[in-house]
Amino acid sequence: MVEAQSWTTRRSSNPRFETSVDIPSTPTGEVRYGTTNNIFTTSFISPAILTALIIASWYFSNIGVLLLNKYLLSFYGYKYPIFLTMIHMISCTVYSLIAIRWFQIVPFQQILSRKQFMKIFALSAIFCFSVVCGNTSLRYLPVSFNQAIGATTPFFTAIFAFIITCKKESGEVYLALMPVVFGIVLASNSEPLFHLFGFLMCVGSTAGRALKSVVQGLLLTSDSEKLHSMNLLLYMAPMAAMILLPFTLYIEGNVFSKTVEKGRGDSFMVLLLVGNATVAYLVNLTNFLVTKHTSALTLQVLGNAKAAVAAVVSVLIFRNPVTVMGISGFAVTIMGVVLYSEARRRLKVTAH
């Protein structure tokens, strides 16, 4: 789950709560970016080793941001998920400026009209909702269960695509979504650390991510409005930070002063926040690099495996209890996602 160039969100890579902007399906290598000189087109190591390092970095950043968020919000006692998300957005803004304007990893694209600006702002609002809900859910749910719920993204994407665009999938695709839903029901009923509010937040985040993918496909349709994912992040991140500011002040109080005061006596917390914000940006950068050096299909396969890897790593680190029924439900959900991806791939091959 490779397509013709499309700026709609991929539906099966399942990036979760990482403040990630989805990477469009595009050709690889110099076909897309020409021979622009930047740090990623000039390499002194073999292509195979470089690709392996990029994939390893992708796993490190995607799983690392989940674990850091969980540690900060649940174990370290930093109970400000909205402000934490705003820090992520500010970090993505700064790093995006450096990556695009200085290192020129992609050509810089400007917003050309007020209409395009408003469309990106609308996407930023949905983006905020999804990420804040995801980070909030990590306060109450183990990462393993969080990942199981997040794997249902294709189910919500199919629902929103039908409701908003009246787009119908094939019977094979809908059939593949059945184990996705059944698996999460099975996992929920047997989750030892089930928390209703955390569950609802995680479902909201997953639904928000799916909604953004559908809305993005509708809003940024004309060639003049299409933005590369890294440029889209450059514009969405500061908008998201501005949207989150009044919410964090109203709901979480004077969190900035609290964070500064605590940071003066706890340098480790500062290190955690800076590292967490940096890794949050690396999620987006490594998504782009994996797609560039391999393909969108490779990123999709990695995304299908990431949920299981993150769940195993989190259980080993945080020692949260798991049950055989919960593991079985998670496995059924992942199997459904793989079947869904394969069904859509065959459908596209048939269409071409």
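The structure presented is a predicted model; accordingly, all values stated were derived computationally and were not measured.

1. Remarks on the pattern of salt bridges
In total, this model carries 5 salt bridges according to the counting rule given. The salt bridge partner of Glu225 is Lys119, with a shortest N-O separation of 2.9 Å. Placement of Glu225 in the loop between helix H8 (196-219) and helix H9 (229-252) and of Lys119 in helix H4 (residues 114-137) is noted, with a sequence separation of 106 residues between them. For Glu169, the salt bridge goes to Arg344, with nearest N and O atoms at 2.8 Å. Here the residue Glu169 occupies a position in the loop between helix H6 (153-165) and helix H7 (171-189), and Arg344 occupies one in helix H13 (residues 324-351), the gap between them amounting to 175 residues.

2. A few points about the nonpolar core
Across soluble globular proteins, nonpolar side chains show a tendency to be buried alongside one another. With 40 residues, the main nonpolar core has Leu72, Tyr78, Ile120, Leu244 and Leu273 as its most contacted residues. Among the elements that make up this core, the one with the highest residue count is H9 (8 residues). Beyond its immediate stretch of four places on either side in the chain, Tyr78 contacts Leu72, Leu73, Phe83, Leu84, Ile87, Val255, Thr259, Met269 and Leu273. One finds Phe145, Ala148, Ala158 and Ala176 within the second-largest nonpolar core, a separate group that totals 21 residues.

3. A short note on unusual backbone geometry
One non-glycine residue, Cys166, lies in positive phi territory at about 60°. Mapped onto the elements of the fold, Cys166 is located in the loop between H6 and H7. A positive phi angle, close to 60°, is found at Arg319, a residue other than glycine. Along the chain, Arg319 turns up in the loop between helix H12 (296-318) and H13.

Reading the values: rules and limits
- Numbers given to residues run from 1 along each chain, matching the order in which its sequence is written.
- Two thresholds apply to this predicted model, a pLDDT of at least 70 for residue-level local features and 80 or more for giving and counting side-chain atom pairs, whereas whole-chain, interface and lining totals are computed over all residues.
- To obtain the side-chain values, all non-hydrogen atoms of the structure were included, while hydrogens and water were left out.
- A carboxyl oxygen of Asp or Glu within 4 Å of a side-chain nitrogen of Lys or Arg is what we treat as a salt bridge.
- Going along the chain from the N terminus, every DSSP run of H or I of four or more residues is numbered as a helix, and every run of E of two or more is numbered as a strand.
- Among buried residues, the Ala, Val, Leu, Ile, Met, Phe, Trp, Tyr and Cys ones that are joined through side-chain atoms within 4.5 Å form a nonpolar core.
- Relative accessibility under 20% of the residue-type maximum defines a buried residue, over 50% an exposed one, and the middle range a partly exposed one, all with a 1.4 Å probe and only protein chains included.
- The contact criterion used is simple: two residues touch if any of their non-hydrogen atoms lie within 4.5 Å.

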